[in-house]
Amino acid sequence: MDLNKFAFYLEKAGYKGASDLIEEELLPLAREKRISLLDAALEYANGNEEQDTSWSQLYYTLQRLGSDVLNSSELDINRPIESPSLPLFP
């Protein structure tokens with residue numbers, strides 16, 4: 001799983017502070033629910049808040065990236081996260 005590359009793609013698509021989002025929100029959610037990082041991002045982005053919130057920004061960023069990037073073996077963010085000791089950003 002390449003967290004740095006995932007953060008890079010999110011930032012390139014317009015999400016500022018992607019590394020912080022991954023570290024503070026997405027990884028804990030993925031670990032807690034034992035889901036993939038991609039599933040955590042999709043769940044996080046599926047909120048009911050105002051347009052300028054973090055979740056809506058992530059939602060539109062994920063749409064801009066598209067499924068080809070998100071499902072690529074290069075990122076490898078589709079496997080469930082089971083280990084609580086996964087290094088964040090090596």
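Residues numbered from 1 in each chain as written. Predicted model: local features only at pLDDT ≥ 70, side-chain atom pairs only at ≥ 80, totals over all residues. Heavy atoms only, no water.

Draft legend 1. Looking closely at the pattern of salt bridges. By the definition in use, this model includes three salt bridges. Of the charged contacts, one joins Asp-76 and Arg-79 as a salt bridge, the two residues approaching to 2.9 Å between their closest N and O atoms. (Salt bridge = Lys/Arg side-chain N within 4 Å of Asp/Glu carboxyl O.)

Draft legend 2. Main features of helix 3 (residues 37-44). Turning to helix 3, its buried residues number three or more, namely Leu-37, Leu-38, Ala-40 and Ala-41. Within helix 3, the buried residues cover an arc of 160 degrees as seen down the axis, which keeps them to one side. In the core, the buried residues of helix 3 are packed alongside helix 1 (3-12), helix 2 (18-33) and helix 4 (54-70). (Buried < 20%, exposed > 50% of the residue type's maximum accessible area, 1.4 Å probe, protein only. Helix = DSSP H or I, 4+ residues; strand = E, 2+ residues; numbered from the N terminus. Arc of directions from axis to C-beta. Contact = heavy atoms within 4.5 Å.)

Draft legend 3. Here's a closer look at the packing of aromatic side chains. For the coordinates displayed, the defined rule picks out two aromatic pairs. Here the aromatic rings of Tyr-59 and Tyr-60 are separated by 5.1 Å at their centres, their planes lie at 80 degrees, and the arrangement is edge-to-face. Assessed through its relative accessible area of 35%, Tyr-59 is described here as partly exposed. (Phe/Tyr/Trp six-rings, centres within 6.5 Å; stacked < 30°, edge-to-face > 60°.)

Draft legend 4. Quick look at unusual backbone geometry. Phi is positive for Arg-34, close to 55 degrees, though the residue is something other than glycine. Take Arg-34: it is sitting in the loop between helix 2 and helix 3. For Arg-34, a relative accessible area of 54% translates into the label exposed. Residues other than glycine seldom take positive phi values, yet Asp-76 does so here, at roughly 55 degrees. Tracing the backbone through its elements, the reader meets Asp-76 in the segment after helix 4.

Draft legend 5. View of the packing of helix 1 against helix 4. Running from N to C, helix 1 and helix 4 cross one another at 120 degrees; their axes reach a closest spacing of 9 Å. Accordingly, the angle class assigned to the pair helix 1 and helix 4 is oblique. The handedness of the crossing between helix 1 and helix 4 is right-handed. Here Phe-6, Tyr-9 and Leu-10 of helix 1 come into contact with helix 4, specifically with Leu-58, Thr-61, Leu-62, Leu-65, Val-69 and Leu-70. (Axes fitted to C-alpha atoms, helices over the stretch in contact; angles between N-to-C directions. Parallel < 35°, antiparallel > 145°, perpendicular 65-115°, else oblique. Left-handed = near helix turned anticlockwise from the far one by under 90°.)

Scope: geometric values only; no functional claims are made or implied.
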